[in-house]
Amino acid sequence: DAGITQSPRHKVTETGTPVTLRCHQTENHRYMYWYRQDPGHGLRLIHYSYGVKDTDKGEVSDGYSVSRSKTEDFLLTLESATSSQTSVYFCAILRGYGYTFGSGTRLTVV
Amino acid sequence: AQSVTQPDIHITVSEGASLELRCNYSYGATPYLFWYVQSPGQGLQLLLKYFSGDTLVQGIKGFEAEFKRSQSSFNLRKPSVHWSDAAEYFCAVGFGLYKLSFGAGTTVTVRA
């Protein structure tokens, strides 16, 4: 969607390696979110941010860390990727009275 | 703890027929309610939302949803489906806007 981009779109990585996913917005929204999507589970919140350097955990935060040093960028890091973290990751921004989602990053951990 | 249930994992409907997708939630009070649609390989798009007021809300693409407090439900409907409505649909609820919980999703298949 316009205003929010995720990179990379696809990534294959090996177990035990660090991985960073990037979410970039161009509209200066305060709230940003990282979700993972898995079959049968819908979307589950990993972490979210309510401002620069202000972040909090979601329901599935173990194994993930985030950083937000600038309003426009919200980074999700898998410190040591595991196969259970193979998933599609979505970033979202709170825009007006709803969430706008990025196009997703498909991550495969082999 | 808050929870969102979409009882139907998969629904198949004929083109031109009506569609209803169910969503139930468990909260202490009336939450904010949303329906999102995800086409294959795409991100999620907001169909409609309910915060307060009229319990029947209209959304995009001809969808509507009805909030029923007594049943803790927010069901999505469309009178006549088109082949392009084949997608996965997610119900989401939250106290306020700042943290939403999503249901597991319902996949809709449209047959000719």
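About the cut-offs
- Residues numbered from 1 in each chain as written.
- Chains lettered and ligands numbered in written order.
- Predicted model: local features only at pLDDT ≥ 70, side-chain atom pairs only at ≥ 80, totals over all residues.
- Heavy atoms only, no water.
- Salt bridge = Lys/Arg side-chain N within 4 Å of Asp/Glu carboxyl O.
- Helix = DSSP H or I, 4+ residues; strand = E, 2+ residues; numbered from the N terminus.
- Buried < 20%, exposed > 50% of the residue type's maximum accessible area, 1.4 Å probe, protein only.
- Pairing = 2+ DSSP bridges.
- Axes fitted to C-alpha atoms, helices over the stretch in contact; angles between N-to-C directions.
- Contact = heavy atoms within 4.5 Å.
- Buried area = accessible area lost by both parts, 1.4 Å probe.
- Polar contact = N/O pair within 3.5 Å; in protein donor to acceptor, adjacent residues only side chain to side chain.
- 1 Å grid on protein atoms, 1.4 Å probe; cavity = no way out; pocket = protein on both sides within 12 Å on 5 of 7 lines; lining within 4 Å.
- Points joined across faces, edges and corners; volume = space filled by probe spheres on them.
- Nonpolar A, V, L, I, M, F, W, Y, C, P; charged D, E, K, R; others polar.
- Phe/Tyr/Trp six-rings, centres within 6.5 Å; stacked < 30°, edge-to-face > 60°.

### With respect to the pattern of salt bridges
Thinking step 1. Following the criterion strictly, the structure yields 9 salt bridges over all chains and no others.
Thinking step 2. The salt bridge involving A:D73 is made with A:R22; its shortest N-O contact spans 3.1 Å. Of this pair, A:D73 sits in strand β8 (residues 73-78) while A:R22 sits in strand β3 (residues 19-25), and the two are 51 residues apart along the sequence.
Thinking step 3. The class of A:D73 is buried, set by a relative accessible area of 8%.
Thinking step 4. Among the ionic pairs, B:D8 bridges to B:R22, the shortest N-O distance being 2.9 Å. Here the residue B:D8 occupies a position in the loop between β1 (3-5) and β2 (10-14), and B:R22 occupies one in the loop between β3 (19-21) and β4 (24-26), the gap between them amounting to 14 residues.
Thinking step 5. The structure contains a network of salt bridges with shared partners spanning A:R22, A:K70 and A:D73.

### A short note on the sheet that holds β8(A)
Residue and element names in this part refer to chain A.
Thinking step 1. The strand order across the open sheet formed by 4 strands is β1-β3-β8-β7, and the pairing between neighbours is antiparallel. Taken across any chain shown, the strands that pair with only one partner, and hence form the sheet edges, are β1 (4-7) and β7 (64-70). Looking at each pair of strands side by side, their axes are set apart by 20° on average, direction ignored.
Thinking step 2. The pairing of β1 with β3 spans 4 bridges and is classified as antiparallel. Opposite Q6, over in β3, you have C23 as the bridge partner.

### Examining the interface of chain B and chain A
Thinking step 1. Chain B puts 18 residues into the contact, and the matching count from chain A is 21 residues.
Thinking step 2. Both sides of the chain B and chain A interface together cover about 1500 Å² of buried area, and 61% of this is carbon and sulfur.
Thinking step 3. Across the contact surface, chain B and chain A share 0 salt bridges.
Thinking step 4. Run the count over chain B and chain A and you get 4 residue pairs in polar contact (both at pLDDT 80 or more).

### Observations regarding the layout of surface pockets
Thinking step 1. Empty space within the largest pocket amounts to approximately 530 Å³.
Thinking step 2. Surrounding the largest pocket, 30 residues form its lining, A:Q37, A:V88, A:R106, B:Q38 and B:E88 being those nearest its centre.
Thinking step 3. When contributions to the lining of the largest pocket are tallied by element, the ones reaching two or more residues are β4 (32-38), β9 (87-95) and β11 (105-109) of chain A together with β10 (87-94) of chain B.
Thinking step 4. Split by residue class, the lining of the largest pocket holds 10 nonpolar, 16 polar and 4 charged.

### Regarding the packing of aromatic side chains
Thinking step 1. All chains considered together, the criterion is met by 20 aromatic pairs over all chains.
Thinking step 2. A ring pair is formed by A:Y35 and B:F102, whose centres lie 5.3 Å apart and whose planes are at 80°; its orientation type is edge-to-face. In this pair, A:Y35 sits in strand β4 while B:F102 sits in strand β11 (residues 101-102), so the two residues belong to two different chains.
Thinking step 3. Between A:F101 and B:Y36 the ring centres are 5.5 Å apart and the planes differ by 85°, which places this aromatic pair in the edge-to-face class. Residue A:F101 is located in strand β10 (residues 98-101), and its partner B:Y36 is located in strand β5 (residues 32-38); the two belong to separate chains. For the pair formed by A:F101 and B:Y36, the shared burial category is buried.

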